[in-house]
Amino acid sequence: GFDAKDKARKPDEYAMMMSMFKKEDVYRVVADLKLMGNASMQVIYSKDKSRIVRVEHFPVETLRATKADEDGTVEKYAYSSDWLKVRNNTELDFIPAFGCGGKNELIEILYIKPYKSGFFYYSPVDYQGCLPYCEMEGEISNYHINNIRNGFSPSFLINFNNGVPDERTQSTIERQITQKYGGTSNAGRAIIAFNDDKEQAATIDAVQLSDADKQYQFIADESMRKIMLGHRITSPMLLGIKDNSGLGNNAEELKTASLLFEDTVINPFRILLLDSFERVMAYNGASLDMYFESL
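Bear in mind that the values here come from a model prediction, so they are computed numbers and not experimental data.

Novice: Please explain the overall build of the protein as it appears in this structure.
Specialist: When helices and strands are tallied, the protein shows six helices and ten strands. Looking at the protein as a whole, 32% of its 295 residues are labelled buried. Looking at the protein alone, contacts between residues at least 24 apart form 60% of all its contacts between residues at least 6 apart.

Novice: Help me out: how do you make sense of the sheet that holds strand 7 (residues 107-112) in this one?
Specialist: Two modes of strand pairing occur in sheets, parallel and antiparallel, and in both the strands are linked by backbone hydrogen bonds. Strand order across the open sheet formed by three strands is 3-2-7, with antiparallel pairing between neighbours. Taken across any chain shown, the strands that pair with only one partner, and hence form the sheet edges, are strand 3 (52-58) and strand 7. Strand after strand, the sheet turns through a mean of 25 degrees between neighbouring axes, direction not considered. Pairing of strand 2 (residues 39-45) with strand 7, which is carried by six bridges, proceeds in the antiparallel orientation. Following the sheet pairing, A39 is matched in strand 7 by I112. Each of strand 2, strand 3 and strand 7 is contacted by helix 2 (residues 23-36), which is oriented at about 45 degrees to strand 3, the strand it contacts most.

Novice: Looking at this model, I keep getting lost on unusual backbone geometry. Mind explaining?
Specialist: Most peptide bonds adopt trans geometry, and most residues besides glycine take a negative phi value. A positive phi angle, close to 60 degrees, is found at K49, a residue other than glycine. Here K49 lies in the loop between strand 2 and strand 3. Classification of K49 by relative accessible area gives buried; the value is 12%. If you check the backbone angles, R232 has positive phi at about 60 degrees while not being a glycine.

Novice: Can you walk me through the side chain of T66 in this structure?
Specialist: Take T66: it is sitting in the loop between strand 4 (63-65) and strand 5 (76-79). By relative accessible area, which is 15% here, T66 ends up buried. Looking at T66, its side chain comes within polar contact range of the main-chain oxygen of K76, at 2.7 Å. Sequence-distant contacts of T66, defined by excluding residues within four places in its chain, comprise V74, K76, Y77, A78, F94 and Y121.

Novice: What should I look at first to understand the packing of helix 2 against helix 6 (residues 250-283) in this one?
Specialist: The description of two packed helices rests on the angle between their axes and on the distance between the axes. Between helix 2 and helix 6, whose axes approach to 11 Å, the crossing angle comes to 125 degrees. One finds that helix 2 runs oblique with respect to helix 6. In the crossing of helix 2 with helix 6, the sense of the turn from one axis to the other is right-handed. The residues of helix 6 that touch helix 2, namely those facing V29, V30, L33 and K34, are F269, L272 and L273.

Novice: Would you take a moment to explain the pairing of strand 2 for this structure?
Specialist: Of all the seven residues making up strand 2, seven are buried; the element is thus mostly covered by neighbouring parts of the structure. Burial along strand 2 is two-sided: the face carrying A39, M41, V43 and Y45 and the face carrying S40, Q42 and I44 are both buried. Across six bridges, strand 2 lies against strand 3 in antiparallel orientation. Bridging across to strand 3, Q42 finds its partner in E56. Count of turn residues in the strand 2/strand 3 antiparallel hairpin: six residues, of which K49 carries a positive phi of about 60 degrees.

Thresholds, definitions, all that
- Residues numbered from 1 in each chain as written.
- Predicted model: local features only at pLDDT ≥ 70, side-chain atom pairs only at ≥ 80, totals over all residues.
- Heavy atoms only, no water.
- Helix = DSSP H or I, 4+ residues; strand = E, 2+ residues; numbered from the N terminus.
- Buried < 20%, exposed > 50% of the residue type's maximum accessible area, 1.4 Å probe, protein only.
- Contact = heavy atoms within 4.5 Å.
- Pairing = 2+ DSSP bridges.
- Axes fitted to C-alpha atoms, helices over the stretch in contact; angles between N-to-C directions.
- Polar contact = N/O pair within 3.5 Å; in protein donor to acceptor, adjacent residues only side chain to side chain.
- Parallel < 35°, antiparallel > 145°, perpendicular 65-115°, else oblique.
- Left-handed = near helix turned anticlockwise from the far one by under 90°.

Right under this line is the structure:
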């Protein structure tokens, strides 16, 4: 839904805009900005660098900013398709930042990121506050899946009845048992012990968690609520979740929540992107009243 309000008055500039910003590139830039908090575009110039020919999406995870100069300007970005393989002796490709390349530099990087206090080179994702609850939700799912696969076995208290070893041995045994049976991936796993006789056998006592169903339900509900809060969802109904806290009929609540979400959450992203697109259009001496259509 990327368009311009004054396209009828400026058909040539509108045609320039549509040829420069392809729909699939804009879509990918939007996806990167939301998912990773940052986005980047590859600005491609004509051979004489008199105008910008087109702008393409550039995977932001492949870029790393170089050290800023004395004025706080990042003049170029290092590129690698896989930063896990980069070592000290790895030769990297460098791409100049938008407006910082020389006359012979026909490709530059337009880096897009919102301003966040305390961050300079990169910006964190807007949903950073709910990341622990996303991890918690994943651990809950992992626990229940493995508990079902392993037969719903409860937690246990293990007593070794063949004497008390030294502290170092105790720590080693405890660490080995925790590594083997601890964590959500080992929920419900069977415990196997080898003993010389019954008198020296380890005793295993089941530890029942009181009100386990209520505790699991609370954690699941709290995770869902905090994840929605982290994404600034104005009403669960936007995600198809009905609760009993709404006022009036469902249609009115959904409409109000949708308008509020668009104004407070979506529009700041739109403004950030449009400001960047206007910088590109300005290089070609064009000016359009660009906007994103609303659903």
